[in-house]
Amino acid sequence: METLMLLTYTAICVVIFKVFKIPLNKWTVPTAILGGVILIGGAVLIMNYNHPYTEIARTVVITTPIVPLVRGRVIEVPVKPNEFLKEGDVLFKIDPTAFQAEVDVHKAALAQAEQDVKIMEADWNQAKAQLESVKSVRDRTKGTYDRYETANENAKQKGSPLPFSIAAVQNRKDSYLADEAKVTAAQATERSARLAFESVISGENTKVAEHKAKLVSAKFNLEQTVLRAPTDGMVTQMLLRKGMIAVPLPLRPTMVFVHKAEYILVGSFVQNSLTRVKEGNYAEVVFPSIPGHVFKGKVDLIQPVLAQGEVQATGRLIELGDVSRSRVIVRISLDEDMIELGLPAGMSATIAVYNDDSWLIDHIAIIRKILLRMSSWQNYIFGPIH
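Residues numbered from 1 in each chain as written. Predicted model: local features only at pLDDT ≥ 70, side-chain atom pairs only at ≥ 80, totals over all residues. Heavy atoms only, no water.

Enquirer: Is there a simple way to explain the sheet that holds strand S7 (residues 226-228) in this structure?
Expert: Across a sheet, strands are paired by hydrogen bonds formed along the backbone, either parallel or antiparallel in direction. Read across the open sheet, the four strands follow the order S7-S4-S3-S9; overall the sheet is antiparallel. A single partner strand is all that each edge strand has here, and the edge strands are S7 and strand S9 (245-246). Direction of pairing for strand S3 (residues 72-76) relative to S9: antiparallel, over a ladder of two bridges. Of the residues in S9, the one forming a bridge with Arg73 is Ile245. (Pairing = 2+ DSSP bridges. Helix = DSSP H or I, 4+ residues; strand = E, 2+ residues; numbered from the N terminus.)

Enquirer: Looking at this structure, I do not really get unusual backbone geometry. What am I missing?
Expert: Note: most residues except glycine have negative phi, and most peptide bonds are trans. Of note, the phi angle at Asn82 is positive, near 60°, even though the residue is not glycine. Checked against the element boundaries, Asn82 lands in the loop between S3 and strand S4 (90-94). Phi angles above zero are rare outside glycine, and Gln237 is one such case at about 50°. Inspection of the secondary structure puts Gln237 in the loop between strand S8 (233-236) and S9. By relative accessible area, Gln237 is classed as exposed at 68%. (Buried < 20%, exposed > 50% of the residue type's maximum accessible area, 1.4 Å probe, protein only.)

Enquirer: Which parts of the structure should I look at to understand helix H5 (residues 206-223)?
Expert: The first and last C-alpha atoms of H5 sit 26 Å apart over 18 residues, in line with the 26 Å expected at 1.5 Å per residue. Among the residues of H5, those classed as buried are Val208, Ala209, His211, Leu215, Ala218 and Leu222. (Expected span 1.5 Å × (residues − 1).)

Enquirer: Mind showing me how you'd approach the pairing of S8 here?
Expert: Walk down a regular strand and you will see the side chains alternate between the two sheet faces. Here S8 shows a clear split, with Gly233 and Val235 buried on one side and none of Met234 and Thr236 buried on the other. Bridge analysis of S8 against strand S10 (residues 255-259) gives four bridges, and the strand direction is antiparallel. Among the inter-strand pairings, Gly233 is bridged to a residue of S10, identified as His259.

Enquirer: Looking at this structure, how should I read the side chain of His211?
Expert: Looking at where His211 falls in the secondary structure, it is placed in helix H5. Excluding anything up to four places from it in sequence, His211 contacts Ala109, Leu110 and Ala113. (Contact = heavy atoms within 4.5 Å.)

This is the structure:
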């Protein structure tokens, strides 16, 4: 940019000297040089301060690495590279045989668990009936024992002969105690059957709930054998082929999906530019691939955090290391749609941002605009070295 200004000023001086036939002497030449230093130096300072400029700019797009959640052999890849896709379109398929078998196993286990619930209910009802039965027998034997013992006690009090022998009373007592033990065992059996049947979580038998959860997980894994487009977009540089093994490793994505969205244009400015660059400032952009055309836009975002300012928790203390000045990332939104121009993402660009706080600054911007357009015209000239 400064070179263009020097060349322009030199050309103007040559024209003035020729047209007005100004002699070259110790007064005119130093005056022209000093004037150039003052004019160009002042213009450069004002422009750099109020109208920042950078050649470190690039268009970028958001991409997503496609990583399957299950492992398996790829059986179909219907997608084609750089072909527009709708959200939900199939990217590729993994052999679902093992996952379908797992679903079938858990379906059978769930059916068995639901049947077991009915069996447990029947067992509980049977245990309750058995408990009532042994209670009835226990009550009868207890009644007989009480009658024998009461009759003997009454006879003792009256001094009469005992109606029942001591052995007979003891036999009735032993029968009663044996039936009482049966009642205790039946109660334990009934309690166990009841607990097994009433074991629930969220209103559902625990075994049924367990197998339902496993079935949901198995169905989810089966669904993951078909990878689909997360949004509208396309797959670029698609190298996946049928027969390859897809693995759920973040470091080994199967393909890269490019989301359909406007290009994001970012520029890297020196830190001094932050004193004048504000969100909403008018900006102009030129691309080497579109010579002679200036795109208009505005400052959309000033990145609040730089890469050099990132700190993560580790087992070591922080050290500064390289303290060279980092650059500020600024995002520019263009008035025109870059996608319609057919430019690949990653194209370089040149950005100029304008601040119009005063009348003088606004007029100095004309110089920056002229120089930006001159640099854009230079893009028409290139050779094999490029």
